Amino acid sequence: MRLSRPLALVCAAILTVSSASALTATRSNQNIYVYNQKSDLSSYDVNGNNYVRARDFARVTGCSLVYDPDTSSISLTSGESYDASVESNPVETASKAYARPTLQTVYINGQKTDIQGYSISGYNYFKLRDLGRAFDWSVVYNGAQKRVELNPERPYFEKQGNTIVYMYHAFTEDPNLLAAHPDLYTSPWKLRCDIRDMRALGYELISLEDYYEGKTQANKKYFIITIDDGYMNNYTLAYPVLVEEKAPASIFTIVREMENEQGNYFTAAQAKEMEESGYVKVYSHNIDHIDCTTVSGPEFNRELERAYESLRSVLGAKELFFAYPYGAYNTSTYVNVRDNGFRLQMVQKRKFAADDILVRQNVWYTSNMASLVKKAPKN
């Protein structure tokens, strides 16, 4: 709401810094979706970030908002009804305006935060990501549909740009296979060396699950191990190394192959055994190893659901992560995977900006880890 004129003048004098530190705010044309519905959030771009009006944010998310002039604070509380009666006329945002940092303290669910706001045209604006982080609500840029999505039903996630996601496939001790297909096969000895070399380079091994849950620090370096396809040698050769090295890993299995139990792929029972060790999590590499861009949307949705239900029946429910066979994806598959509830999508090459896409680095048998870290994408 717009403050009464006397109070507004006092707040302007006390709660904003000098105009010399003002920045230029440009009205954003970014579409912001809340609970997967397009919202009317008034937003400005300040230094490349979306800032939303505090009362708009409270209104569309169902939070209460209380301004306390005695303590110069704003309190946002989830689960409490927003009082629309305090609203004045609809806000008319200028295409450009000055953004002056405020000195108000922001409380989220009763907890004091360090969120820095801006006064823009007499209203309080805060960075959408800061609010999402404080509430632990998902804020994701969806580049396929060119929109920002705020979802209070999902946890906050943000890439730090300090994590390498490595991708392996098959393991063998046959020197002929290693020589003929170093891009597909590596040895258990080489996997052990890769883990130790990365740790020696100052990288901390972290599970994909901990990474998604934000258990990283901005000033550290991390790496994640992922393995594709679910070959039997993942269980017989790679799994013992992971346990010995206390190395967490995520395996993306071709679900139908796991169900068939034909010998070339690990079984559901073996998947469960690996998960119970605490070092391995098994996720979907789709029901079949096919190019997901070649099937219709409805068929792809059925494949995703079929694979998920099969894994859930054996391994129980968990966060949903998905790796595309062949790394083949497009805007349509991205939207389908998101709409099916998957939190992160694994690819080998970025085609468009999206906060929930992780770009992986393939590890060859001949790869030198000290050289590989220099070119590997950082997520």
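Residues numbered from 1 in each chain as written. Predicted model: local features only at pLDDT ≥ 70, side-chain atom pairs only at ≥ 80, totals over all residues. Heavy atoms only, no water.

Looking at an unreviewed UniProt entry, one finds the protein named NodB homology domain-containing protein and attributed to Butyricicoccus pullicaecorum. Turning to the protein, the UniProt annotation filed under Subcellular location (unreviewed entry) states: "Secreted". (UniProt positions renumbered as here; feature names shortened; annotations may be inferred.)

K.L.:
Tell me about the packing of aromatic side chains, residues and numbers included.
P.N.:
Applying the stated rule across the entire model yields 20 aromatic pairs. Seen in terms of ring centroids, F322 and F342 are 5.6 Å apart; in terms of plane orientation they differ by 65°. Their pairing is edge-to-face. One end of the pair, F322, is in strand β22 (residues 321–323); the other, F342, is in the loop between α11 (331–339) and β23 (344–347), with 20 residues separating them in the sequence. Exposure class is identical for F322 and F342. Each is buried. Measuring from ring centre to ring centre gives 5.4 Å for Y334 and F352, while their planes differ by 80°; the resulting arrangement is edge-to-face. Of this pair, Y334 sits in helix α11 while F352 sits in the loop between β23 and β24 (357–362), and the two are 18 residues apart along the sequence. You'll find Y334 and F352 in the same group, each marked buried. (Phe/Tyr/Trp six-rings, centres within 6.5 Å; stacked < 30°, edge-to-face > 60°. Helix = DSSP H or I, 4+ residues; strand = E, 2+ residues; numbered from the N terminus. Buried < 20%, exposed > 50% of the residue type's maximum accessible area, 1.4 Å probe, protein only.)

K.L.:
Talk me through the side chain of R338; I want residue IDs and the actual numbers.
P.N.:
With respect to the helices, strands and loops of the structure, R338 is situated in helix α11. A polar side-chain atom of R338 sits 2.5 Å from a polar atom in the side chain of D356. The contact partners of R338, leaving out residues within four places of it in the chain, are V140, N142, E149, R154, Q345 and D356. (Polar contact = N/O pair within 3.5 Å; in protein donor to acceptor, adjacent residues only side chain to side chain. Contact = heavy atoms within 4.5 Å.)

K.L.:
Explain the sheet that holds strand β10 (residues 111–112) residue by residue, including any values.
P.N.:
Taken in spatial order, the 4 strands line up as β6-β7-β9-β10 in an open sheet, and their pairing is mixed. The open sheet has two edge strands, β6 (64–68) and β10, and neither has a second partner. Pairing of β6 with strand β7 (residues 73–77), which is carried by 5 bridges, proceeds in the antiparallel orientation. Residue pairing for β7: V66 is matched across the bridge by S75. (Pairing = 2+ DSSP bridges.)

K.L.:
Describe the side chain of T333, naming the residues involved and giving the relevant values.
P.N.:
Checked against the element boundaries, T333 lands in helix α11. On the basis of relative accessibility, which here comes to 4%, the residue T333 falls in the buried class. Ignoring sequence-local partners within four residues, the contact set of T333 consists of C292, T293, F300 and Y324.

K.L.:
Report on the domain arrangement of the protein, specifying residues and quantitative values.
P.N.:
Domain annotation for the protein reports domain 1 (23–151) and domain 2 (163–375). When each unit is reduced to the centre of its C-alpha atoms, the spacing between domain 1 and domain 2 is 37 Å. Residue-level contacts link 9 residues of domain 1 with 9 residues of domain 2. Between domain 1 and domain 2, roughly 680 Å² of surface is buried when both sides are summed, and carbon and sulfur atoms account for 52% of that area. Interface area lost by domain 1 to domain 2 is led by V140, Y141 and A144, which between them contribute 54%. Inspection of the region where domain 1 meets domain 2 yields 2 salt bridges. With its nearest N and O atoms 2.1 Å apart, the salt bridge here joins R338 to E149. At the surface where domain 1 touches domain 2, the tally comes to 4 residue pairs in polar contact (both at pLDDT 80 or more). In terms of residue count, the dominant contributor to the side of domain 1 that touches domain 2 is strand β13 (residues 138–142) (4 residues). (Domains from an automatic or database assignment. Buried area = accessible area lost by both parts, 1.4 Å probe. Salt bridge = Lys/Arg side-chain N within 4 Å of Asp/Glu carboxyl O.)

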